[in-house]
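Coordinate analysis (summary)
Listed here are the chains, written in short residue letters.
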Amino acid sequence: MGIFSEDLINLGNLIDAEIEIKVPKELLNETFKGLNFEVLDGLLRLGFKKKGFIFSKEVQVPLKEDAQSVKNEQQDIRAIGLRVMTERGLEELLQKGPFQREGEHIFLNLWEALTKTEEYAKVPKQFKNRLLINRYKLKQGYVQLWVRVSKGL
């Protein structure tokens, strides 16, 4: 079997295509144990339990959408950037999950959750590790990602 012109055309279409992937909050909660994700339009609230002297209390850290702020630098990092709205509870949050702080942004690595979606399962195996996040949108109940296949990663 050889490579046919239709295969090359389909390969070119896949590389140029932008794939839409929805990551529901239930999948985020399941993937990142100990964190409670509440996804609203343009806002992500991350909740976790903070232990006190006698009681533990629920802390929520609100983060605002910044749709063009994404990171795809390393093989296993596909992160979205969220703007910090308050410093309260932020240090504890950074220790609880796949977060990285850069100035006014917190980057949340979604690679592990992304690989568990139905859309990711449909991508040919040759391209699975070459997906890059272009942009994202926070919608009611899920994070909507637009990804492309990288030509040189």
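Residues numbered from 1 in each chain as written. Predicted model: local features only at pLDDT ≥ 70, side-chain atom pairs only at ≥ 80, totals over all residues. Heavy atoms only, no water.

Once that is clear, we can look at the confidence of the model for the protein. Overall, the prediction assigns the protein a mean pLDDT of 84, with 88% of residues at 70 or greater. Across residues 1-5, where pLDDT falls below 50, the model places 2 contacts with residues more than four positions away in sequence or in other chains. (pLDDT = per-residue confidence, 0-100. Contact = heavy atoms within 4.5 Å.)

This paragraph deals with the sheet that holds strand S8 (residues 131-139). Spatially, 3 strands are ordered S1-S9-S8 in an open sheet, and the strand pairing comes out antiparallel. Each end of this open sheet is capped by a strand with a single partner; those strands are strand S1 (18-24) and S8. Pairwise comparison of adjacent strand axes, ignoring direction, gives a mean angle of 25° for this sheet. Pairing analysis gives 8 bridges linking S8 to strand S9 (residues 142-149), with the strands arranged antiparallel. (Pairing = 2+ DSSP bridges. Helix = DSSP H or I, 4+ residues; strand = E, 2+ residues; numbered from the N terminus. Axes fitted to C-alpha atoms, helices over the stretch in contact; angles between N-to-C directions.)

The full count for this structure, using the stated rule, is 2 aromatic pairs. Relative to Phe-37, the ring of Phe-32 lies with its centre 5.7 Å away and its plane at 40°, an arrangement referred to as tilted. On the basis of relative accessibility, which here comes to 7%, the residue Phe-32 falls in the buried class. Here the aromatic rings of Trp-111 and Tyr-120 are separated by 5.8 Å at their centres, their planes lie at 85°, and the arrangement is edge-to-face. Under the relative-accessibility criterion, Trp-111 is labelled buried at 12%. Here Tyr-120 falls in the buried class, since its relative accessible area comes to 9%. Lying over the aromatic face of Phe-107, Lys-71 brings its terminal NZ or CZ to 4.8 Å of the ring centre. Of note, Arg-135 hangs over the ring of Trp-146, and the distance from its end group to the ring centre comes to 4.1 Å. (Phe/Tyr/Trp six-rings, centres within 6.5 Å; stacked < 30°, edge-to-face > 60°. Buried < 20%, exposed > 50% of the residue type's maximum accessible area, 1.4 Å probe, protein only. Lys NZ or Arg CZ within 6 Å of the ring centre and 35° of its normal.)

On to the pattern of salt bridges. A full pass over the atoms with the stated rule returns 7 salt bridges. Note that Lys-116 is salt-bridged to Glu-112, the shortest N-O span being 4.0 Å. Using a relative accessible area of 44% as the deciding quantity, one classes Glu-112 as partly exposed. (Salt bridge = Lys/Arg side-chain N within 4 Å of Asp/Glu carboxyl O.)

Before going further, it helps to examine the pairing of S9. Along S9, 6 of the 8 residues are buried, which leaves the element largely enclosed by surrounding structure. In this sheet, S9 lies alongside S1 in antiparallel orientation, the contact comprising 7 bridges. For Ile-21, the partnering residue across the bridge sits in S9 and is Leu-145. If you look at the hairpin formed by S8 and S9, you'll find 2 residues sitting between the two strands, and Gly-141 has a positive phi there, around 95°.

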